[in-house]
Amino acid sequence: MFFVDTLEFEGLGNRSYLVGGPRAAVAVDPPRDVDQVIAAAAKRGVRIAYVAETHVHNDYITGGLELARITGASYLVPAAAHVSFARTPVADGDTVTVDEGLVLRALATPGHTPHHTSYVLEEDGRGAAAFTGGSLLIGTVGRPDLVEPRLTEELARAQHASAHRLADELDDEVPVLPTHGFGSFCSSSQAEGDATTIGRERTANDALTLDVDTFVAEMLAGLDDVPAYYAHMGPANAAGPAPVDLTPPGRADAGEIAARLAAGEWVVDLRSRTAFAEGHVAGSCNFEGDGKLATYLAWLIPWGKPVTLLADTPERIADAQRELARVGIDRPAAAATGDPAAWIREGERLASFPRARFADLAEVRGRGEEVVVLDVRRDSERAAGHVEGAVHVPVHELYGRLDEVPSGTVWVHCAGGMRAAIAASLLDAAGRAVVAVDDGFDAAREAGLTVTRP
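1. Re the packing of aromatic side chains
Following the criterion strictly, the structure yields nine aromatic pairs and no others. With a centroid separation of 6.4 Å and an interplanar angle of 35°, the aromatic rings of Trp-266 and Phe-287 are classed as tilted. Within this pair, whereas Trp-266 is found in strand S13 (residues 266-269), its partner Phe-287 is found in the loop between strand S14 (285-286) and helix H10 (293-300), the two being separated by 21 residues in sequence. According to the relative accessible area criterion, Trp-266 is buried, its value standing at 5%. Given the relative accessible area of 1%, Phe-287 is considered buried. Taken together, the ring pairs connect Phe-185, Tyr-296 and Trp-299 into an aromatic cluster. The ring centre of Phe-182 lies 3.8 Å from the NZ or CZ of Arg-15, which sits over that ring. One Lys or Arg, Arg-377, reaches over the ring of Phe-441 and ends 4.0 Å from the middle of that ring.

What follows is the structure in structure tokens.
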């Protein structure tokens, strides 16, 4: 018998796995904060004998090198991956014995990267689980455009072939356990569902139901923007990431917060968008701790810019620090918790801005008031319909394009409210009058606003 423990990282839309038998296990695509992998192994009472990477990751910093160092495990990395550290290179067909009767077999599945490798767990000689990384995902595949633009079509065709190889070599009942596809921008489209098998993918995955030319054309046409911080993840992983430091950051008082803002550093408020709108430090930005904090903060912030974190509790700071470390934002410059009134100097006041619904926007427009409507959704979302007359700047581009937003009060919206809150905080920090529309986009048409297609 074998076990598979799944470690979920909702903020990044990824999963890692600990799989093994009664005595030993292998960790697949571990996160940078490896303590939770070690804790999972301790709970099972097994030693981590192997750490396996499916590829050099582009969306997060791996903990594989550090986990192998701490545990003494063999570090399995695809042989064709160009890395600067000692590892156990694995090529197509290589096997390792994880525990009695449990063998891990490497299966070359290029496409997401040229060197991408899946791992098939075999129990007594039969395939029992497939760890497919960024190859075959739930209803989709990993995107092929993260390595080099000139290789994108070639890798897209390789993805199609790799999906077919997995389907050809494995039985229908074999579970497919990918790393990406749960909200990660490494997925070529959003996955549907929480679990799948080879048999289900045969009937539901475009890579297995469409001919290669149709599949490639449709996938390439549907690729969305790539988070800017991805450019830093691959090189960091290839060089060998440094151990993560999760010790608490120093406490910032009101004077230090003001000084850091004056120096052009980022002060990030992790509280809910409701609380932020009601009162916040002028110049700070709002990235909700419960949202896609790491993805959007790392996407928007100038790389390497110091970050000070503000939150209700020390626990929220610790959670954010852990999540940000996964994408290379290693150490907050400082942090503060508690009552926001303590984050400003004597004589200063907290800033605020109103929140609204699409019905409120319809009412304002109905009165003939001139307002700027700013749509901060991605291009692919806007293509499905947008509020007539809305200016469009995707949230991940807004920081560098603030001067393109027309003068006047800005009513900013996204698809649900989280990204609108980020955008509103950026506009507010820049001195603009702003209203954050905290509403689902479907409510725009219901409110009587005209929704058109580009």
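2. Some words on unusual backbone geometry
Although it is not a glycine, Asp-29 adopts a positive phi angle of roughly 50°. The class of Asp-29 is buried, set by a relative accessible area of 0%. In this structure, Asp-124 takes a positive phi of about 50° despite not being glycine. Along the chain, Asp-124 turns up in the loop between strand S9 (117-123) and strand S10 (126-133). On the basis of relative accessibility, which here comes to 64%, the residue Asp-124 falls in the exposed class.

3. Some words on the sheet that holds strand S2 (residues 14-20)
The six strands are arranged S1-S2-S3-S4-S5-S6 in an open sheet whose pairing can be described as mixed. Two strands bound the open sheet, and with one partner strand each, they are strand S1 (3-9) and strand S6 (88-90). Between one strand axis and the next, the sheet turns by 25° as a mean value, whatever way the strands run. In this structure, strand S4 (residues 47-52) lies alongside strand S5 (residues 74-78), joined through three bridges in parallel fashion. Within S5, the residue paired with Ala-52 across the bridge is Leu-76.

4. Quick word on helix H12 (residues 358-366)
All buried positions along H12 are accounted for by Phe-358, Leu-361, Ala-362 and Val-364. Seen from one end, H12 has its buried residues packed into an arc of 160°, which puts them on one side. Residues of H12 that are buried in the fold lie against strand S18 (372-375), strand S19 (386-387), strand S21 (410-413), strand S22 (434-437) and helix H16 (442-446). Two residues or fewer after H12 comes Gly-368, characterised by a positive phi angle close to 85°.

5. As for the sheet that holds S21
Taken together, five strands build an open sheet; the order of strands is S17-S22-S21-S18-S20 and the sheet is parallel. Each of the sheet's edge strands pairs with one partner strand only, and the pair in question is strand S17 (355-356) and strand S20 (391-392). With two bridges connecting them, S17 and S22 associate as parallel partners. The partner of Arg-355 across the bridge, within S22, is Ala-436. In this fold H12 packs onto S17, S18, S21 and S22, with an angle of close to 150° to the strand it touches most, S21.

6. Focus: the layout of surface pockets
Where empty space is left becomes clear once a probe the size of a water molecule has been rolled over the atoms. The volume enclosed by the second largest pocket comes to roughly 240 Å³. Lining the second largest pocket are 16 residues, with Val-56, Asn-58, His-115, Val-147 and Gly-234 sitting closest to its centre. Classifying every residue of the lining of the second largest pocket gives eleven nonpolar, five polar and no charged.

Conventions and cut-offs
Residues numbered from 1 in each chain as written. Predicted model: local features only at pLDDT ≥ 70, side-chain atom pairs only at ≥ 80, totals over all residues. Heavy atoms only, no water. Phe/Tyr/Trp six-rings, centres within 6.5 Å; stacked < 30°, edge-to-face > 60°. Helix = DSSP H or I, 4+ residues; strand = E, 2+ residues; numbered from the N terminus. Buried < 20%, exposed > 50% of the residue type's maximum accessible area, 1.4 Å probe, protein only. Lys NZ or Arg CZ within 6 Å of the ring centre and 35° of its normal. Pairing = 2+ DSSP bridges. Axes fitted to C-alpha atoms, helices over the stretch in contact; angles between N-to-C directions. Arc of directions from axis to C-beta. Contact = heavy atoms within 4.5 Å. 1 Å grid on protein atoms, 1.4 Å probe; cavity = no way out; pocket = protein on both sides within 12 Å on 5 of 7 lines; lining within 4 Å. Points joined across faces, edges and corners; volume = space filled by probe spheres on them. Nonpolar A, V, L, I, M, F, W, Y, C, P; charged D, E, K, R; others polar.

Keep in mind these values describe shape, not function.
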